[in-house]
Amino acid sequence: MATFQSLFIYLFWPNPGNAHYGSSSMLIPLVVCALLVVLSFVFRFWRSRMRNPVMKKLSRSWSAAAFWFGLLGLIFVVSRVEGIGFLAMRLWWVIWGIVLALYLGIQLRFFKMRYYEKLPAEVSNDPRDRYLPRRKK
């Protein structure tokens, strides 16, 4: 019972404690979330140059998802350092990580199911093709 209660307090404590921008526990998530925001613009640029229509359709939500996950992470880091009570809870990081893992899992599953490349069809130059029956229009 004591471990459940201590876990509950650990996750839901409104102001988890001393944090500053120089500590590695705040610097690593700050850099990762900033990279997610930058990666969202990279995805948008990459997608505009893409020629494969199947990959273009599958990567439709990657830019927006990277931007919002990065922005929310930045908000959580800043609120933790600045001591904003409700947003500084560790529970939000747990929920953020679970939702990110679910999103990545769903995207990986869709990618495995739906990604294919159209192979160029070979045109046969068989002279007998003119005399074979064709489908009526």
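Preceding this section is the structure that the text describes.
Residues numbered from 1 in each chain as written. Predicted model: local features only at pLDDT ≥ 70, side-chain atom pairs only at ≥ 80, totals over all residues. Heavy atoms only, no water.

Trainee: Residues and numbers for the pattern of salt bridges, please.
Mentor: Under the defined criterion, the tally for this structure stands at 1 salt bridge. Between R128 and D126 there is a salt bridge, with the nearest N and O atoms lying 3.0 Å from each other. You can call D126 partly exposed: its relative accessible area is 28%. (Salt bridge = Lys/Arg side-chain N within 4 Å of Asp/Glu carboxyl O. Buried < 20%, exposed > 50% of the residue type's maximum accessible area, 1.4 Å probe, protein only.)

Trainee: Report on helix α5 (residues 90-114), specifying residues and quantitative values.
Mentor: Residues spaced three or four apart along an α-helix point in a common direction, a consequence of the helix completing one turn every 3.6 residues. Taking 1.5 Å per residue as the helical rise, α5 with its 25 residues ought to reach 36 Å, and the 36 Å between its terminal C-alpha atoms agrees with that figure. Taken together, the buried positions of α5 are occupied by R90, L91, W96 and Q107. (Helix = DSSP H or I, 4+ residues; strand = E, 2+ residues; numbered from the N terminus. Expected span 1.5 Å × (residues − 1).)

Trainee: Can you lay out the layout of surface pockets for me, pointing to particular residues and giving the numbers?
Mentor: Each pocket or cavity is described by its volume, and for the largest pocket that value is around 200 Å³. Residue lining of the largest pocket: V54, K57, L58, R60, S61, Q107, F110 and R114, and that is the complete set. Elements that contribute at least two residues to the lining of the largest pocket include exactly α3 (53-58) and α5. Looking at the lining of the largest pocket, its residues break down into 3 nonpolar, 2 polar and 3 charged. Estimates place the volume of the second largest pocket at around 170 Å³. Every residue lining the second largest pocket is listed: L36, L39, F43, W62, A65, A66, F69, L100, Y103, L104 and Q107. (1 Å grid on protein atoms, 1.4 Å probe; cavity = no way out; pocket = protein on both sides within 12 Å on 5 of 7 lines; lining within 4 Å. Points joined across faces, edges and corners; volume = space filled by probe spheres on them. Nonpolar A, V, L, I, M, F, W, Y, C, P; charged D, E, K, R; others polar.)

Function cannot be read off these values alone, since they describe shape.
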